[in-house]
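Reading the structure
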Amino acid sequence: KPRVLSGIQPTSDSFHLGNYLGALRQWVALQDTADAFYCVVDLHAITVDHDPKVLHERSRVSAAQLLALGLDPERCTLFVQSQVPEHPMLGWILGCETGFGEASRMTQFKDKSSKQERTTVGLFTYPVLQAADILLYQTDQVPVGEDQRQHLELSRDLAIRFNGTYGRTFTVPDPYIVKETATIKDLTDPAKKMSKTSSTPKGCLYLLDEPNQMRKKIKGAVTDSDAEVRFDPENKPGLSNLMNIYTALGNTTFEKLEAEYAGRGYGDFKGDLAEVVADSIGPIATRTKEFLADKAELDRILERGAEKARIVASRTLAKAYKKVGFFAPA
Ligand code: TYM
């Protein structure tokens, strides 16, 4: 079985439809075909301003959402990054393999730092810690959305470089990106990706939104002034984004949608899509609440996950420590 690892930041109260279609849906599916490790990356979450209490709670809510989406602790290893200290330990080593210029080229850093008043060294080295997350598990495939491609390229480069210098130590990871849903667009501005930092909350559909809120957001999505349901991302980016969402959630195809809505305009199309979204995403909030109701059990699941993760992570870290000439962790 291939080894899979991916992570998600606990930086909002709810994940959104872009997270789900771009990454989390693949996480759930890969449990059956891969040896899968998934982590809530709270170390990454403090690279921008944060409130400790809020962060702690969001990590729990994040884990509960992942369980609600169908991650099964019997079939995958689900853990919180801060419970596995090997991540920052390998991060340090990899940071010493990363060129300053190489890290400076990361577009997410340039993006995020330009939006912040205060930029930290942590934000700068964020992609190095991400590489450590991946390389610790001898990962073959990393299921993510398109916005992570450059970070994965760095992880590959670091693995290849380290192996070249010290001898074979890390598996070189491949991105696992599903083309159709690699970038879900903001509902009010299809030139941008859907994101929790969207300019307006209407553009971002949260998994924990009320079903009626979801319907409203879909019906209010920006389309275009003609009324033909046709997949054409270049000329009809808003509508094409909705068609992408529809085919991903609704077990249909572009051809079927085009035929079904020929001559009927956008109103019917959006109304039906709103129901598909509310039906498929709506129940997640209830299930999330159920997992959150028993905090002790949730924390036990995460602790067991961290123990399983550490077995693999500590083995890789020990190898890397030896290679660079360190003493073994006592
Ligand atoms: P994060 O927390 O921003 O996002 C989690 C996942 O959601 C995907 N995603 C999207 N996919 C499609 N359309 C969108 N609009 C959209 N928005 C977000 C992201 O690509 C991601 O897969 N750096 C990572 C977290 C991370 C990680 C890792 C990932 C830390 N360590 C190791 C993989 C492996 C991040 O910020 O994801």
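Before reading on, note that the structure itself is shown above.
So, a few notes on the structure that sits alongside this text.

How each quantity is defined
Residues numbered from 1 in each chain as written. Predicted model: local features only at pLDDT ≥ 70, side-chain atom pairs only at ≥ 80, totals over all residues. Heavy atoms only, no water. Core = buried A, V, L, I, M, F, W, Y, C linked by side-chain atoms within 4.5 Å. Buried < 20%, exposed > 50% of the residue type's maximum accessible area, 1.4 Å probe, protein only. Helix = DSSP H or I, 4+ residues; strand = E, 2+ residues; numbered from the N terminus. Axes fitted to C-alpha atoms, helices over the stretch in contact; angles between N-to-C directions. Parallel < 35°, antiparallel > 145°, perpendicular 65-115°, else oblique. Left-handed = near helix turned anticlockwise from the far one by under 90°. Contact = heavy atoms within 4.5 Å. Nonpolar A, V, L, I, M, F, W, Y, C, P; charged D, E, K, R; others polar. Near = heavy atom within 4 Å. Polar contact = N/O pair within 3.5 Å; in protein donor to acceptor, adjacent residues only side chain to side chain. Areas by Shrake-Rupley, 256 points an atom, 1.4 Å probe, with all protein chains shown as cover. Phe/Tyr/Trp six-rings, centres within 6.5 Å; stacked < 30°, edge-to-face > 60°.

Things to note about the nonpolar core
Most often, soluble globular proteins have nonpolar side chains that are buried together. One finds I245 and F269 to be the most contacted residues of the largest nonpolar core, which totals 56 residues. Considering each element in turn, this core owes the most residues, eight residues, to helix α12 (residues 265-293). Residues L5, M106, F109 and L123 belong to the second largest nonpolar core, which totals 36 residues.

Quick look at the packing of helix α4 (residues 86-95) against helix α13 (residues 295-324)
Two elements in contact, α4 and α13, have axes whose closest approach is 10 Å; the angle formed by their N-to-C orientations is 25°. When the axes of α4 and α13 are compared, the pair comes out roughly parallel. Considering how the two elements wind past one another, α4 and α13 form a crossing that is left-handed. Facing α4, whose interface residues are E86, M89, L90 and I93, α13 presents R310, A313, S314, L317, A320, Y321 and V324. Across the contact of α4 with α13, the residue classes break down as eight nonpolar, one polar and two charged.

With respect to the site of the ligand
Inspection of the region around the ligand gives 27 residues, with Y126, D133, G145, D147 and I184 positioned closest. One of the backbone N or O atoms of Q9 is found 2.9 Å from an oxygen atom in the ligand. Between the ligand and the protein, one listed contact pairs an oxygen atom with a backbone N or O atom of G145 at 2.8 Å. Contact with the protein chains hides 96% of the accessible area of the ligand, taken as 710 Å² for the molecule alone. For the shell around the ligand, the elements supplying multiple residues, two or more each, are β1 (3-8), α1 (17-30) and α7 (121-135).

A few points about the packing of aromatic side chains
Two aromatic rings, taken as a pair, are described by how far apart their centres are and by the angle between their planes. For the coordinates displayed, the defined rule picks out twelve aromatic pairs. Residues Y246 and Y261 carry aromatic rings whose centres are separated by 6.4 Å and whose planes lie at 55° to one another, so their mutual orientation is tilted. In this pair, Y246 sits in helix α10 (residues 237-250) while Y261 sits in the loop between α11 (254-260) and α12, placing the two residues 15 residues apart along the sequence. Given a relative accessible area of 7%, Y246 falls into the buried group. By relative accessible area, which is 1% here, Y261 ends up buried. Aromatic ring contacts, followed pair by pair, group F37, F79 and Y137 into a single cluster.

Just geometry here; none of it tells us what the structure is for.
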